[in-house]
Amino acid sequence: MFAINVLTLLLATFASIALAVPTLEIQGANFVNPKTGKRFQIVGLAYQPAGSSGYNPGSDPLSDGAVCLRDAAIMQKLGINAIRVYNLDPNINHDLCASIFNAVGIYLLLDVNSPLSGESINRVAPWESYYDGYLNRTFGVVEAFKNYPNTLLFFSGNEVINEESHATVPQYMRAVTRDLKNYIAKNSARQIPVGYSAADVRDLLLDTWNYLQCTETGDATDPTRVDLFALNSYSWCGDSSFTTSGYDVLVSDFAKTSVPVFFSEYGCNVPYPRIWTEVPSLYGPQVTPVLSGGVVYEYTQEKSNYGLVNLYSNGSVKYLPDFEVLQAQFNTLNTTLIQGVTATNTSVVPPTCKSSLITTKSGFTTNFTIPAVPPGVQTLIDNGIANPNNGKLVSVTKLTVDQYVESSSGVKLENLAITPLADDESNVPSGATSPTTTTSAAPAATTSKKGAGANLQRSWVTLAFAMMGVFGWLLMY
């Protein structure tokens, strides 16, 4: 009877532990934890095994729990607190993967489009792809992920606006943003931000940002304006600097932003291997007052040569030198300074949409008339799509990774597992390093500045899982 009572208590403890991440909000130009009022900085990683060309409906990066467990354990050691996932099938189950990443304090940054025909806006002729079937699918992605507390945001588009796009594409990006935000407002229990991921084409960048962040209602309630703005920036290459890379220009340009701005991709791979000297700058005092972190490109090695790990057909993983250098750079960060700062600049009034916001001579549109909602779409917004595939958190009972994982020097990582975090925590760099000459993967003493309280919480979580195993064994006798 004693064992049963204790096991019941521990199971109840686990139920509260399963909700590891706090649901974040946007306040002005910041991501904010509403419980603490602290600003949140994205320490992210692009997660698209097999690349965009490897997407096939019926599976996606968040559909295989065993794979997600392996990769979440690796990312937890790296210090990641968010992943960007580009191509998702809204019709399959993502519960276990989303729950695993939630348990280790990793948020989801999700693109609603895919490279397949009819599943994204055609930049050459956007009016041809903006119709009810396309929006039904994007709403499906919302339905699949809206109930996970670690769903941080949706991207309505990725680099759709560029030198080759039709002049009306910015208007269609505002239209898609409007439709997504209105759908979320009608069909989700919480507000989930919608934003845009831009190419870092300097002739277009500021016009794109101004066009998408401005308001026609006089305040932030305009549903056609983005909630956040991100850019895929590769301007820091090798042993560069704050000024040589142009980071100083970006900080100056975005200083008066009315929405959070961050790097949705970064990590120039020339020269190679990368040395990641941009990390201390991106999370340092010159950049963090304006930008909200960034997403490293990318997790798995593909033809473009940006990967942190090699992924093999049998499911095994080998770290590349890039991974270990990046891990060392993350371990130098002061997480208290990065994640523990009280948010300021939380009530910025967005600029009014007007032609004077467009300042370059690139031919960028000054027309702020947004396309009407396509036929049939308002019914979808008002009533929800038919047969939505709603995700939900599930218990994560398996913690240990089965696949073989080794460091870049060929040493196996023994006993690789996720460490579930206590309620209201997100992941931070732990100070862990990769094994080099021994077979032990015991983590090094932490260099994180998070403090003893967080470490004690994590210890209790680990103890709870261990004790559940012990008392489960006792119940059999």
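Within each chain, residues carry numbers counting from 1 in the order of the written sequence. Whole-chain, interface and lining totals are the exception, using all residues; otherwise, since this is a predicted model, local features are given only for residues with pLDDT of at least 70 and side-chain atom pairs are given and counted only at 80 or more. As a convention, hydrogens and water are excluded, and side-chain values are obtained from all of the structure's heavy atoms.

> What is the right way to read the overall build of the protein from this model?
Each helix corresponds to a stretch of at least 4 residues labelled H or I by DSSP, and each strand to a stretch of at least 2 residues labelled E; elements are numbered beginning at the N terminus. Counting its secondary structure elements, the protein contains 13 helices and 14 strands. Any pair of residues with heavy atoms lying within 4.5 Å of one another is described as a contacting pair. A fraction of 81% describes how many contacts in the protein between residues 6 or more apart in sequence connect residues 24 or more apart. Summed over its atoms, the accessible surface of the protein is roughly 19,000 Å², and 56% of this surface lies on carbon and sulfur atoms. The method behind every accessible area is Shrake-Rupley, applied with a 1.4 Å probe, and residues are considered shielded solely by the protein chains displayed.

> Explain the state of the cysteines to me, please; I cannot follow it from the model alone.
Each disulfide is one covalent bond, formed between the sulfur atoms of two cysteines. The rule for a disulfide is simple: a pair of cysteine sulfur atoms within 2.5 Å. Under the defined criterion, the tally for this structure stands at three disulfides. Residue pairing for Cys 237: its cysteine sulfur links by disulfide to Cys 268, the two sulfurs lying 2.1 Å apart. Looking along the S-S bond of the Cys 237-Cys 268 disulfide, the torsion reads about 100 degrees, which is the right-handed sense. Taken together, the residues Cys 237 in the loop between strand 9 (228-233) and helix 8 (247-253) and Cys 268 in the loop between strand 10 (261-266) and helix 9 (278-282) connect sequence positions 31 residues apart. Any residue under 20% of the maximum accessible area for its type is buried, any over 50% is exposed, and the rest in between are partly exposed; the area is computed with a 1.4 Å probe on protein chains only. For Cys 237, a relative accessible area of 33% corresponds to the partly exposed category.

> Would you take a moment to explain the confidence of the model for the protein for this structure?
Residues shown with low pLDDT carry predicted positions that ought not to be read at fine detail. Known as pLDDT, the predictor's per-residue confidence is scaled from 0 to 100. On average, residues of the protein carry a pLDDT of 88, and 87% of them reach 70 or more. For the stretch residues 1-17, pLDDT sits under 50, and the model shows 24 contacts to residues farther than four places along the chain or on other chains. When the criterion is pLDDT under 50, residues 438-477 qualifies, and its contacts beyond four places in sequence or with other chains add up to 63 contacts.

> When you look at the pairing of strand 4 (residues 42-46) in this model, what are you seeing that I'm missing?
As a general feature of sheets, a regular strand has side chains that alternate between the two faces. With five of five residues buried, strand 4 lies mostly within the body of the structure. Side chains of strand 4 alternate between two faces, with Ile 42, Gly 44 and Ala 46 and Val 43 and Leu 45 buried alike. Bridge analysis of strand 4 against strand 11 (residues 291-296) gives four bridges, and the strand direction is parallel. Counted as the bridge partner of Ile 42 is Gly 293 from strand 11. Here strand 4 pairs with strand 5 (residues 82-85) via three bridges, running parallel. Looking across to strand 5, one finds that Ala 46 is bridged to Arg 84. Only strands joined by at least two bridges in the DSSP assignment are considered to pair.

> Is there a simple way to explain the side chain of Arg 190 in this structure?
Its place among the elements puts Arg 190 in the loop between helix 6 (169-187) and strand 8 (194-199). Charge assignment in this entry is limited to Lys and Arg as positive and Asp and Glu as negative, and neither His nor the chain termini are counted. In what follows, salt bridge is the name for a side-chain nitrogen of Lys or Arg lying within 4 Å of a carboxyl oxygen of Asp or Glu. Although buried, Arg 190 forms no salt bridge, and the nearest oppositely charged side chain, Glu 25, lies 8.6 Å from it. Here the side chain of Arg 190 touches Tyr 148 through a polar contact of 2.9 Å, landing on its backbone oxygen. N or O atoms within 3.5 Å of each other form a polar contact, as long as, within protein, one can give a hydrogen and the other can take it, and as long as residues adjacent in sequence are counted only when both atoms are side-chain atoms.

> Help me out: how do you make sense of the packing of aromatic side chains in this one?
Where two aromatic rings form a pair, the distance of their centres and the angle of their planes describe that pair. Paired rings are identified among Phe, Tyr and Trp, the last through its six-membered ring, by centres lying within 6.5 Å, and are further divided according to the angle between planes into stacked (under 30 degrees), edge-to-face (over 60) and tilted (the rest). Tallying each qualifying case throughout the model produces 21 aromatic pairs. Pairing Tyr 130 with Tyr 172 gives two aromatic rings, centres 5.5 Å apart and planes at 80 degrees, and the pair type is edge-to-face. In this pair, Tyr 130 sits in the loop between helix 4 (126-129) and helix 5 (132-145) while Tyr 172 sits in helix 6, placing the two residues 42 residues apart along the sequence. Owing to a relative accessible area of 8%, Tyr 130 belongs among the buried residues under this scheme. Judged by its relative accessible area of 13%, Tyr 172 is buried. Their ring planes at 15 degrees and their centres at 4.3 Å tell us that Phe 139 and Tyr 183 sit as a pair that is stacked. Taken as a pair, Phe 139 in helix 5 and Tyr 183 in helix 6 lie far apart in primary sequence, 44 residues in all. Exposure class is identical for Phe 139 and Tyr 183. Each is buried. Of note, Arg 174 hangs over the ring of Tyr 211, and the distance from its end group to the ring centre comes to 5.9 Å. A ring is considered to have a charge above it if a Lys NZ or an Arg CZ atom is located within 6 Å of its centre and within 35 degrees of its normal.

> Explain the sheet that holds strand 7 (residues 151-158) to me, please; I cannot follow it from the model alone.
Within a beta sheet, neighbouring strands are joined by backbone hydrogen bonds and run either parallel or antiparallel to one another. Strand order in the closed barrel formed by eight strands is 4-5-6-7-8-9-10-11, and the pairing between neighbours is parallel. Recorded for the sheet is a direction-independent mean angle of 30 degrees between the axes of neighbouring strands. Docked against the sheet, helix 5 engages strand 6 (107-111) and strand 7, running at close to 165 degrees with respect to strand 7. Simply put, an axis is a line fit to the C-alpha atoms, just over the touching stretch for a helix, and the angle between two N-to-C directions goes from 0 to 180 degrees. With respect to the sheet, helix 7 (residues 202-213) is in contact with strand 8, strand 9 and strand 10, its orientation differing from that of strand 9 by roughly 165 degrees.

> What exactly am I supposed to notice about the pattern of salt bridges here?
Working definition: two side chains of opposite charge can pair if their charged atoms are close together. One pass over the full model with this rule turns up 15 salt bridges. Among the ionic contacts, a cluster of salt bridges with common partners joins Arg 84, Asp 111 and Glu 265.

> Can you help me understand empty space enclosed by the protein in this one?
Here the idea is plain: a probe the size of a water molecule rolls over the atoms and shows the empty space left. Method remark: on a 1 Å grid restricted to protein atoms, a set of points is classed as a cavity if a 1.4 Å probe fits but cannot get out and as a pocket if it is open with protein on both sides within 12 Å along at least five of seven lines; lining residues have an atom within 4 Å of a point. Grid points are joined across faces, edges and corners, and a volume is the space filled by probe spheres set on the points. Inspection of the entire model under this criterion finds four cavities of 30 Å³ or more. If you add up the space inside the second largest cavity, you get close to 50 Å³. Every residue lining the second largest cavity is listed: Val 43, Gly 79, Asn 81, Leu 333, Thr 335, Ile 338, Gln 339, Asn 427, Val 428 and Pro 429. The leading source of residues in the lining of the second largest cavity is helix 11 (residues 335-339), at three residues. Nonpolar residues are Ala, Val, Leu, Ile, Met, Phe, Trp, Tyr, Cys and Pro. Charged residues are Asp, Glu, Lys and Arg, and all others, Gly as well, are polar. Looking at the lining of the second largest cavity residue by residue, the classes come out as five nonpolar, five polar and no charged.

> Whenever I open this one, the sheet that holds strand 2 (residues 30-33) confuses me. Can you help?
Read across the sheet, three strands follow the order 1-2-3 without closing on themselves; strand pairing throughout is antiparallel. Each edge of the open sheet is held by one strand with a lone partner, namely strand 1 (25-27) and strand 3 (38-40). Each neighbouring strand pair of the sheet contributes to a mean axis angle of 55 degrees, computed without reference to strand direction. Taken together, the three bridges between strand 2 and strand 3 define a ladder with antiparallel strand orientation. The residue of strand 3 that forms the bridge with Asn 33 is Lys 38.

> Would you mind showing me how to read the environment of Gly 284 here?
With respect to the secondary-structure elements, Gly 284 resides in the loop between helix 9 and strand 11. The spatial distance from the C-alpha of Gly 284 to the C-alpha of Leu 337 is 9.0 Å, given a sequence separation of 53 residues.

> Could you clarify how one ought to interpret the packing of helix 2 (residues 65-78) against helix 10 (residues 321-330) in this entry?
The relative placement of two packed helices comes down to the angle between their axes together with the axis-to-axis distance. One can describe the packing of helix 2 onto helix 10 by two numbers: an axis separation of 9 Å at closest approach and a directional angle of 45 degrees. The angle between the axes of helix 2 and helix 10 places the two elements in the oblique class. Across the interface between the two elements, Ile 74, Lys 77 and Leu 78 of helix 2 pack against Phe 323, Leu 326, Gln 327 and Phe 330 of helix 10. Residue composition of the contact of helix 2 with helix 10, grouped by class: five nonpolar, one polar and one charged. Note that the term roughly parallel is reserved for angles under 35 degrees, roughly antiparallel for angles over 145, roughly perpendicular for angles of 65 to 115, and oblique for everything else.

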